[in-house]
Amino acid sequence: MEARQLSGLSGLLLMQFAISKQWPRIARFARLDEANRFAYGGPKAVLCSTIATAVMLLNALPGFAGETTGLPAITVYGSRFGEKLEDILPQTTIINSEDIVQSGLTDVSQILQKLGNVPTRINLNGTQDLSIDLRGYGVNSDNNVVILLDGTRLSEIEQASARVSMIPVEVIDHIEISRGGASVLYGEGATSGVINIVTKKQTGDIATMSVKAGSFDTKESNIFASHQWDKTTISFYGKTLDTNNYRQNNAAQVRSGGATLQWVPEPTTALGVRVYADEQDTRLPGALTLAQFQLDPRQTSNPYDYGSTSGNSITAFGSTLYKSTELAVDINVRNKDANSTLPSLGGTTNSSANLISLSPRAKFHDALIKGNDLSLGVDLSKWDRTYSAIYPAFPQFSTVGEHLNQNSAATYFRDDWIIDPANRLTIGGRVEQIQKKIIIFTAYSNPNASNSLRAFEIQYTRSLPLGLQAYTRTGQSYRVPNIDDLRGAAASLVPQTAKDYEAGLSFQKLSRTNATLRVFRSDIHNEIIFDPVQFLNVNLPPTQREGIELEGRYQVVNTVAFRGSWQKIRALFVEGAYQGQHVPLVPNFNGQLGVEWKPAAHQTIDLSARFVGQQYQDGDFYNSLAPIPFFWTADLRYSSELTQRLNLVVAANNLLNKKYYDYANSFGGYYPSPGFNMSALLKYRF
């Protein structure tokens, strides 16, 4: 018997032993529903063991064992300091630039969905960005995840998706996806996780440009250029997008650009400044009735509505190493203006938001004992946001001069102790004081508020033979009501808190062949949501999310690879008037399957399918309406390196022209998703 087969069989025995010892703890977090409840010793309990065992069996297959290459050199920032890729925690998903380039995708939202296995849905705010829902938060998912650009926030203090569509893909080095509560490092809103989009740094002299054309009269261009002289690097990037989109009155224009200047006087010190600006104009097609959707999903109900958004940001950053201590700081100033004209409602809206933040931090290597890294930091921020909505025909919904000031001051620590090569302990805590000053000229009012909030995390990671890592973690995270939550709330809303429990297994995390299994549970108190029965924003009685996530890739041979992901979530109201009902807009499962084939050295054909399970309509707290049905779509992509400098990517999405929607509400509104569409992209490296 070959050595690799012996290795696979020994791994199988080891895995079975580990599962038998640890399952009673994991089972507490793995209950999914009454009909499919995991029970220790029962048939469903075997599922987790079976999945993990299957991974180990694969290790015995030819071409599988010992394969550890595939990912390029990457510096990750999950701890808010640069680290080696092999030091990331096992639950972190990395999307590298090589995969992004090969995919031909030019929108970050779609990259997260198709390459990062992130559940998404259509965004109702009129921008090109999709709503991101890491762990089943439904309509408020955007307010329960923090989106970062090089560690600084893109997420807003309003009911709006982070504007990731303005980021040119040419500038992205990689994307880090950390699922589970992360308020210790990133504060309020990081209740389902954090996504950090990391841009290229110290690239030397390079330039790339891409142009894309496709269905719905879509035209797009991206450019990135970098020049280095001596110890200074300057880079520029830009993006343009013009598209009519799938529906009538849904045309959009995006213009964005920026620059980064970085000075590295010595290998351990860097200083720099990063600026960007963006504009987005979008026509707003509005909701359809079910009958309209079935007749023609491309039609519009609001042929004259439109909106625009613009913003700019400047960030100064610096880091250095003094003896065994890393020091870093970010200073960010960001502005955003948005307005809409809505003839369908006979009104207009205008808003303006401004942010100033300061984040100094320090990391002490080998603090007190060898292998122990202690991080300490302070986060200071000041938001200022104004909003007006004027509806002459509906004065009860009009407001003028609504104003919110939000100041926060937080301190945090995170201790990461590599006890020995096999054992790692990570603990952290955060204390944050948030003060709100509110002036709202509406029928409802909320007094000024001051909240003292706390978060913690504890994680134990165990490295096992054959490229396995097992971990268990618990923590607490929080989010505070934003200005849109406060509007229309009859009483003061209090902060939402979530306590997480999670266990997982990661196999060959840095390999082209890999697998990760996560089982989690979140107990949420005072969840903030709009209650359509009371027609008010409220704090809910306790709610709960329980689920299982599996993702992986199997490199069969050099020319063929399979990949897939599966997420099963049970999101429930566990107390109160809606006890036992499912939280709306949380599919009972999400999944993806794909196969990659390289018919020649510089060509790739990729066929993938996405599956989204049944979910209840937004606002259907009693689960009494017809749910949003299960749907699936298939995509095909061909990429070719035509020359050493020129790449071609041709893509066909929704191959079977499925007519579906991933959002509907209890007021009878349906928002269609795009039908069949194609695109072709050319990318040139100078």
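Just so you know, these numbers come straight off a predicted model, no measurement behind them.

Undergrad: Even after reading the chapter, I still don't get the overall build of the protein chain, so can you show me in this structure?
TA: On a plain count of helices and strands, the protein chain comes out with seven helices and 35 strands. Residues classed as buried in the protein chain amount to 55% of the 686 residues present. For the protein chain, the share of sequence-separated contacts (at least 6 apart) that also reach a separation of at least 24 residues comes to 63%. A total of about 28200 Å² of accessible surface is found on the protein chain, and carbon and sulfur atoms cover 60% of it.

Undergrad: Explain the packing of aromatic side chains to me, please; I cannot follow it from the model alone.
TA: The geometry of an aromatic ring pair is captured by the separation of the ring centres together with the interplanar angle, meaning the angle of the planes. Counting across every chain of the model gives 14 aromatic pairs. Consider the rings of F216 and Y246, whose centres lie 5.8 Å apart with planes at 70°: the pair is edge-to-face. In this pair, F216 is assigned in the loop between β10 (206-214) and β11 (218-229) and Y246 in the loop between β12 (232-243) and β13 (252-266), connecting sequence segments 30 residues apart. Here F216 matches Y246 in class, with each residue buried. Arranged with centres 5.4 Å apart and planes meeting at 75°, the rings of F530 and F535 form a pair that is edge-to-face. With relative accessibility at 45%, the residue F535 sits in the partly exposed group. Joined through ring pairs, the aromatic side chains of F573, Y578, F621 and Y622 make up one cluster. Above the ring of F520, the side-chain terminus of R135 is found at 4.0 Å from the ring centroid.

Undergrad: Any chance you could explain the environment of G668 here in plain terms?
TA: Summarising the element assignment, G668 is placed in the loop between β33 (661-664) and β34 (670-672). For the pair G668 and T289, spaced 379 residues apart in sequence, the C-alpha to C-alpha distance is 6.0 Å. Once you skip the residues sitting within four places of it in the chain, G668 turns out to touch L288 and T289.

Undergrad: When you look at the environment of A571 in this model, what are you seeing that I'm missing?
TA: Summarising the element assignment, A571 is placed in strand β28 (residues 560-573). Judged by its relative accessible area of 3%, A571 falls in the buried class. Along the sequence, A571 and G138 sit 433 residues apart, while their C-alpha atoms lie 9.2 Å from each other. Aside from chain neighbours lying at most four places away, what touches A571 is G136, Q544, R545, Q581, H582, V583 and V586.

Undergrad: Which parts of the structure should I look at to understand helix α4 (residues 108-116)?
TA: With seven of nine residues buried, α4 is to be regarded as a mostly interior element. All buried positions along α4 are accounted for by V108, S109, I111, L112, Q113, K114 and G116. N-cap assignment for α4: the residue whose side-chain oxygen lies 2.9 Å from the backbone N of S109 is D107. N117 occupies a position one or two residues after α4 and carries a positive phi of about 60°.

Undergrad: Could you clarify how one ought to interpret the pairing of strand β25 (residues 528-531) in this entry?
TA: Regular strands show a simple pattern: their side chains alternate between the two faces of the sheet. Two elements, β25 and strand β26 (residues 536-539), share four bridges in a ladder whose sense is antiparallel. Opposite D531, over in β26, you have L536 as the bridge partner. Here β25 folds back onto β26, and the loop between the two strands holds four residues, one of which, F535, carries a positive phi near 60°.

Undergrad: Before we go on, may I ask you to explain the nonpolar core in this structure?
TA: Soluble, globular proteins show a tendency: their nonpolar side chains are buried together. Membership of the largest hydrophobic core comes to 27 residues, with the highest contact counts inside it found for L112, I147, L154, I167, I175 and I197. Where this core is concerned, the elements lending two or more residues are α4, β6 (146-149), β8 (172-179) and β9 (193-199). Setting aside anything within four residues of it in sequence, one finds I197 in contact with V108, I147, L148, L149, D150, V164, I167, I172, H174 and I175. The next biggest cluster of nonpolar side chains, apart from the first, holds 12 residues, and it includes F520, L536, L540 and V583.

Undergrad: How should I be thinking about the sheet that holds β8 in this particular structure?
TA: Strands pair in a sheet through their backbones, by hydrogen bonds, and they do so in one of two ways: parallel or antiparallel. Spatial ordering of the open sheet is given by β3-β8-β9-β6-β7, a layout of five strands whose pairing is mixed. Edge strands, defined here as strands with exactly one partner in the open sheet, are β3 (92-96) and β7 (152-153). Relative to β8, β3 runs antiparallel, the two being bridged by five bridges. Each bridged residue has a counterpart across the sheet, and for T92 the counterpart in β8 is S178.

Undergrad: What is the right way to look at the confidence of the model for the protein chain in this model?
TA: Low pLDDT marks stretches whose predicted atomic positions should not be read closely. Here the protein chain shows a mean pLDDT of 86. Residues at 70 or above account for 88%. Least confident of the elements in the protein chain is helix α1 (residues 3-27), whose mean pLDDT is 33; most confident is strand β24 (residues 514-525), at 97. In the model, residues 1-70 has pLDDT below 50 throughout and makes 105 contacts with residues more than four positions away in sequence or in other chains.

Undergrad: Would you mind showing me how to read the pairing of β10 here?
TA: In the sheet, β10 pairs with β11 via nine bridges, with the strands oriented antiparallel. Looking across to β11, one finds that V211 is bridged to S221. Counted along the chain from β10 to the antiparallel partner β11, the turn is three residues long, and its residue F216 has a positive phi close to 60°. One ladder, built from seven bridges, connects β10 with strand β35 (residues 677-685); its direction is antiparallel. Considered in β35, the bridge of M209 is made with Y684.

Conventions used here
Residues numbered from 1 in each chain as written. Predicted model: local features only at pLDDT ≥ 70, side-chain atom pairs only at ≥ 80, totals over all residues. Heavy atoms only, no water. Helix = DSSP H or I, 4+ residues; strand = E, 2+ residues; numbered from the N terminus. Buried < 20%, exposed > 50% of the residue type's maximum accessible area, 1.4 Å probe, protein only. Contact = heavy atoms within 4.5 Å. Areas by Shrake-Rupley, 256 points an atom, 1.4 Å probe, with all protein chains shown as cover. Phe/Tyr/Trp six-rings, centres within 6.5 Å; stacked < 30°, edge-to-face > 60°. Lys NZ or Arg CZ within 6 Å of the ring centre and 35° of its normal. Polar contact = N/O pair within 3.5 Å; in protein donor to acceptor, adjacent residues only side chain to side chain. Pairing = 2+ DSSP bridges. Core = buried A, V, L, I, M, F, W, Y, C linked by side-chain atoms within 4.5 Å. pLDDT = per-residue confidence, 0-100.

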